[in-house]
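If you want the building blocks of each chain, they are given just below.
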Amino acid sequence: MVTDMPAGPSNAMLKKMLFTVLALTVVCFTILLGRLAYLQLVDNERYQTRAIDQQMRETVIKAKRGSIYDRNMNTLATSASVWEVSLNPTNISEGDEEKIANKLAEILKVDASKVLAMAKKKDKYYQLVKRQVEDAEANQIKQFVKDEKIKGIVLNEDYKRYYPYGDFASAVLGFTGNDHQGLNGIEAYYEKYLKGTDGRIFSAKDAVGKDMPLFQYETRNEAQDGYSLVLTIDEVIQHIAEKNIETAVKEYGIKNRATCIVMNVTNGEVLAMTTKPDFDPNSPFTLQDQALQASIDAITDENQRKAALQTAREAQWRNKAISDTYEPGSVYKIITAASALEEGVVHPEDRFFCSGSLVVNGRSIGCWKTVGHGPETFVDGIKNSCNPVFMAVGLSLGPERTAKYYKAFGFSEKTGIDLPGETSGIYHALSVLQKEPDTLAVSSFGQSFKITPLQVITAVSAAINGGYLYEPHIVKQIIDSGNNVVETIDPVVKRQVISEKISSELALMLEKVVSEGSGRSAYIKGYRIGGKTGTSEKLDKSAAQSGVKEHILSFLGFAPADKPQVAVLVILDEPKDSGAYGSTIAAPVTGAILSETLSYLGFEPTYTDEEKEKMDIAVEGVVGAAPHEASAKLTKQGLQAEIVGNGEKVIKQIPMAGQPVPRGGRVLLYTTAEEATKTSPVPNVVGMSPQQANKALTNAGFNLRIVGGGINQSGIIAISQSMASGSMAEHGTVVEVTFGVNDAVQ
């Protein structure tokens, strides 16, 4: 039986199938064409970028960071050219890897095994070996590449930050990190101006990342150097401040650092700002306190050791002048006086009586002079730093006006200085002052609240400059690489707090603090100095915690008193001697800084007749002269001469030629060698009156040079001497003795 085979597709069906296939082909082709058109016309930029990224290598051209200058264009921070050494493993010839690793390890003092591992990463075109390589090492590498025909070592120009004066002004300048970014101080605050803009070189590479030198596509965008800064800081005045603060830290055993600010009171410019001990910004992560480093190294737990090290680093970087608050003590009496005089609640000749204490709200609050000052005027109260006088004035001023002037003088907010890390004061709420009169009373003389050193000197500058509160600033100008001025930072007056009349009167009252009162240790012959002492107990570090009452000692001085220009604030935190006061150790330090600063700035001294009588005389040189001829010359100078021995010529004189000696001082003229070698122990005159000290030193064979004013007034005693008691010195040597009031001035 024969079965019929299925019939094939008909012609119509074949045509239909062919049409369908053709239609699908057209659709697919259209889609492909559309996609291709989209890629070429719409999305071509993205794919072109991807292609370029795969074919191009980017090299960064480092921008040079701007320099930092003092106000006289002395360089305080700058960037010098160094080199970055890297490898492009794709360009390294086979067999050269170990040679390269060993040579770079030798020159750069790096681990050869790590460099070898980098060199073998053939899928990489950038492996960093070392940054900030100096020219000497870079030249050795270049010579090695030339001699050995080495490929794959890349040297790119880089920059390294240098601070030519080491730890000079480090708390102000700050420092930079490995990537040249500012991490602290001015370097951080003005980062956007200093950093500049890095450039770029785009060059071709092949599929494995090797350079293609014949490829024509290369683009170079040059780096733009950063702007430079001109500070208000004066390098000479900064050195004066740092030298004296460093000496004070060592001399008085300051345990919690010391700080000093020098300000131009007429415009808010900071002429100097220092905190000691500090750090070297060339190596900011190295602790300057080696004993502290040793104690940290002894910590066995790694995490605790790292935490302790970081805490110690942050502590040495901290700018105490703007970041730490403290109870200002009697320096704040300047603000209370200014407020009360402006409001008319007190007048210079108003009478008060100090019995040694004042009872307020059932609480007996003492004066530093426990027996009392007796009857005194308001000016006497300022001069004597009398707490009961200021408590009475503060209570008369009242809580509302006290709070008003606290705010008006800028204590309720940051000063706005152009430095990072500034903090603000901590004060009582108005309701507390209203409910607690005793709190109002103690706050009138600077206790029970905290403010920063910068707030203090800024406010006091306003109190003595005519009443104008300036915003303090540290940068004077921003300039480009050609020293063209980009921006000038002009002084900013926030407001006038008190009248010019009251301000002028107050400055003259504060002059009496130095000429007649508790600040006599800051007295400088020939200059009109005003100021105020401050001694405050650290209530948050009470005797119950440490067994010792810790104090902060301060003195704020300014000059000239009749037209203030410059103010200096010195703060010594926790001196070794817990019985020391601002009047005894902070005032002399401030006086020394003011003396050198005024001389440097060109302020000519004007001496009173009394000061002229007591001025030092530069001893004339008489070695080689006949004894009596030499004696006559010195007598003519106003000095006493004592001939020692029976020789025919003077072979040695003490003090030597040119040394300053007080008028009427004694010069020993030695005529025989055996007599010329005699020495005696220096007596201890601390605690003596000027007359007693002079007698003790004269009897021992020495000359006395007096430092400090008001020596003819009662209560003045020697508070320090330049040569330690018991030390041996030649007869005739001048011993410098500082006199002042050794009272517990608050």
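That block above? That's the structure.
So, how was this worked out
Residues numbered from 1 in each chain as written. Predicted model: local features only at pLDDT ≥ 70, side-chain atom pairs only at ≥ 80, totals over all residues. Heavy atoms only, no water. Helix = DSSP H or I, 4+ residues; strand = E, 2+ residues; numbered from the N terminus. Rg over C-alpha atoms; globule rule 2.2 N^0.38 Å. Buried < 20%, exposed > 50% of the residue type's maximum accessible area, 1.4 Å probe, protein only. Contact = heavy atoms within 4.5 Å. Pairing = 2+ DSSP bridges. Axes fitted to C-alpha atoms, helices over the stretch in contact; angles between N-to-C directions. Core = buried A, V, L, I, M, F, W, Y, C linked by side-chain atoms within 4.5 Å. Expected span 1.5 Å × (residues − 1). Phe/Tyr/Trp six-rings, centres within 6.5 Å; stacked < 30°, edge-to-face > 60°. Salt bridge = Lys/Arg side-chain N within 4 Å of Asp/Glu carboxyl O. Arc of directions from axis to C-beta.

Asks: I keep staring at the overall build of the protein chain and nothing clicks. Help me out?
Replies: The helix and strand inventory of the protein chain stands at 24 helices and 33 strands. Radius of gyration (C-alpha) of the protein chain: 38 Å, far over the 27 Å computed for a compact globule of 746 residues. Projected onto its principal axes, the C-alpha coordinates of the protein chain cover approximately 160 × 75 × 55 Å. Within the protein chain, the fraction of its 746 residues that count as buried is 48%. Excluding contacts between residues fewer than 6 apart, the proportion of contacts in the protein chain whose partners are at least 24 apart in sequence is 72%.

Asks: I tried to follow the sheet that holds strand E23 (residues 566-573) on my own but got confused; where do I start?
Replies: Strand pairing in a sheet relies on backbone hydrogen bonds. The paired strands run either parallel or antiparallel. The 5 strands lie next to each other as E12-E11-E23-E22-E21, forming an open sheet whose pairing is antiparallel. Lying at the two open borders of the sheet, with one neighbouring strand each, are strand E12 (270-276) and strand E21 (530-537). Ignoring which end each strand starts from, the neighbouring axes of this sheet average 5 degrees apart. Sheet topology places strand E22 (residues 551-559) next to E23; 8 bridges connect them, and they run antiparallel. Looking at the pairing, Phe-555 lines up with Val-570 of E23. Each of strand E11 (258-264), E12, E22 and E23 touches helix H18 (residues 453-464); the most contacted strand, E11, lies at about 30 degrees to it. Running at roughly 35 degrees to E22, helix H21 (residues 582-600) makes contact with E11, E21, E22 and E23 of the sheet.

Asks: What is the right way to look at the nonpolar core in this model?
Replies: In globular proteins that are soluble, nonpolar side chains generally tend to be buried together. Among the nonpolar cores identified, the biggest contains 85 residues, and Ile-186, Met-273, Phe-378 and Phe-409 are the most heavily contacted of them. By residue number, the principal contributor to this core is H18, which donates 8 residues. In contact with Met-273, not counting residues within four places along its chain, are Val-172, Ile-233, Gln-238, Cys-260, Ile-261, Asn-319, Ala-321, Ile-322, Ile-417, Leu-419 and Leu-454. Counting residues in each nonpolar core, the second largest holds 33 residues, with Ile-237, Ile-245, Ile-524 and Val-566 among its members.

Asks: Before we go on, may I ask you to explain helix H5 (residues 135-148) in this structure?
Replies: Since the α-helix packs 3.6 residues into each turn, any two residues three or four apart lie on the same face. Taking 1.5 Å as the rise per residue, H5 with 14 residues should run 20 Å; its terminal C-alpha atoms sit 20 Å apart, in good agreement. A positive backbone phi angle near 50 degrees is found at Lys-149, which sits one or two residues after H5.

Asks: What is the right way to look at the sheet that holds strand E25 (residues 640-644) in this model?
Replies: Spatial strand order, E25-E28-E26: 3 strands in an open sheet with mixed pairing. Looking at strand neighbours, the two that pair on one side only are E25 and strand E26 (652-654), the edges of this open sheet. Averaged over all pairs of adjacent strands, the angle between their axes in this sheet comes to 20 degrees, without regard to strand direction. Where E26 lies against strand E28 (residues 666-670), 3 bridges are found, and the strand directions are antiparallel. Among the inter-strand pairings, Lys-652 is bridged to a residue of E28, identified as Tyr-670. Contacts from helix H23 (residues 627-637) reach E25 and E28 within the one sheet, and its direction differs from that of E28 by about 165 degrees.

Asks: Which parts of the structure should I look at to understand the packing of aromatic side chains?
Replies: Think of a pair of aromatic rings as described by two things: how far the centres are apart, and how the planes are tilted against each other in angle. Applying the stated rule across the entire model yields 16 aromatic pairs. A centroid spacing of 6.4 Å and a plane angle of 45 degrees characterise the contact between Phe-352 and Phe-378, whose relative ring orientation is tilted. You can see Phe-352 sitting in strand E13 (residues 351-354) and its partner Phe-378 sitting in helix H14 (residues 378-384), a full 26 residues away along the chain. Just as Phe-352 is buried, Phe-378 falls in that class too. Arranged with centres 5.7 Å apart and planes meeting at 50 degrees, the rings of Phe-378 and Phe-390 form a pair that is tilted. Of this pair, Phe-378 sits in helix H14 while Phe-390 sits in helix H15 (residues 387-408); the two residues are 12 residues apart in sequence, bridging distant segments of the chain. Per residue, the accessibility class of Phe-378 equals that of Phe-390, and both read buried. Here the aromatic cluster, defined as three or more aromatic residues joined through ring pairs, consists of Tyr-332, Tyr-406, Phe-411, Tyr-427 and Phe-449.

Asks: Mind showing me how you'd approach the pattern of salt bridges here?
Replies: Side chains carrying opposite charge are able to pair once their charged atoms draw close together. All told, the structure shown has 38 salt bridges when counted by the stated rule. One salt bridge connects Lys-103 with Glu-106, and the closest N-O pair in it is separated by 3.7 Å. On the criterion of helical spacing, the pair formed by Lys-103 and Glu-106 is a turn pair, its members being 3 residues apart in helix H3 (residues 97-108). With a relative accessible area of 27%, Lys-103 lands in the partly exposed category. Between Arg-705 and Glu-736 there is a salt bridge, with the nearest N and O atoms lying 2.7 Å from each other. Of the two residues, Arg-705 is situated in strand E30 (residues 703-707) and Glu-736 in strand E33 (residues 734-741); the sequence distance between them amounts to 31 residues. One network of salt bridges, with partners in common, ties together Arg-318, Lys-320, Asp-324, Lys-538, Asp-573 and Glu-574.

Asks: So what exactly am I meant to see when it comes to the pairing of E11 here?
Replies: Side-chain direction in a regular strand flips from residue to residue, so the side chains alternate between the two faces of the sheet. Burial runs high along E11: 7 of the 7 residues are buried. Between the end of E11 and the start of E12, which pair antiparallel, lie 5 residues, with Gly-268 showing a positive phi angle near 80 degrees. As paired strands, E11 and E23 are joined by 7 bridges and run antiparallel to one another. Along E23, the bridge assignment pairs Cys-260 with Val-570.

Asks: Even after reading the chapter, I still don't get the environment of Tyr-69, so can you show me in this structure?
Replies: Relative to the assigned elements, Tyr-69 resides in strand E2 (residues 68-69). The exposure class of Tyr-69 is buried, given its relative accessible area of 14%. Counting along the chain gives 45 residues from Tyr-69 to Lys-114, while the straight-line C-alpha distance between them is 41 Å. Sequence-distant contacts of Tyr-69, that is, excluding residues within four places in its chain, are made with Asn-74, Thr-75, Leu-76, Ser-228, Leu-229, Val-230, Leu-231 and Ile-479.

Asks: Looking at this structure, how should I read helix H4 (residues 112-119)?
Replies: Three or more residues of H4 are buried, namely Val-115, Met-118 and Ala-119. Looking straight down H4, one finds its buried side chains confined to an arc of 100 degrees; they lie on one side. If you follow the buried residues of H4, they end up packed against strand E3 (75-87), H3 and strand E4 (127-133).

Asks: What is the right way to read unusual backbone geometry from this model?
Replies: Generally, phi is negative for residues other than glycine and the peptide bonds are trans, each holding for most cases. Residue Pro-277 is bonded to the preceding Lys-276 through a cis peptide linkage, with omega at -5 degrees. Relative to the elements of secondary structure, Pro-277 occurs in the loop between E12 and helix H10 (290-297). Here the residue pair Ala-559 and Pro-560 is connected by a cis peptide bond, since its omega of -20 degrees sits within 30 degrees of zero. Structurally, the position occupied by Pro-560 is in the loop between E22 and E23. If you check the backbone angles, Lys-149 has positive phi at about 50 degrees while not being a glycine. Of note, Lys-149 is situated in the loop between H5 and strand E5 (153-162). Given a relative accessible area of 67%, Lys-149 falls into the exposed group.

Asks: Any chance you could explain the environment of Val-265 here in plain terms?
Replies: Along the chain, Val-265 falls in the loop between E11 and E12. Since its relative accessible area comes to 1%, Val-265 is described here as buried. Taking the C-alpha atoms as reference points, Val-265 and Pro-277, 12 residues apart in sequence, are found 26 Å from one another.

Shape descriptors only; they carry no functional weight alone.
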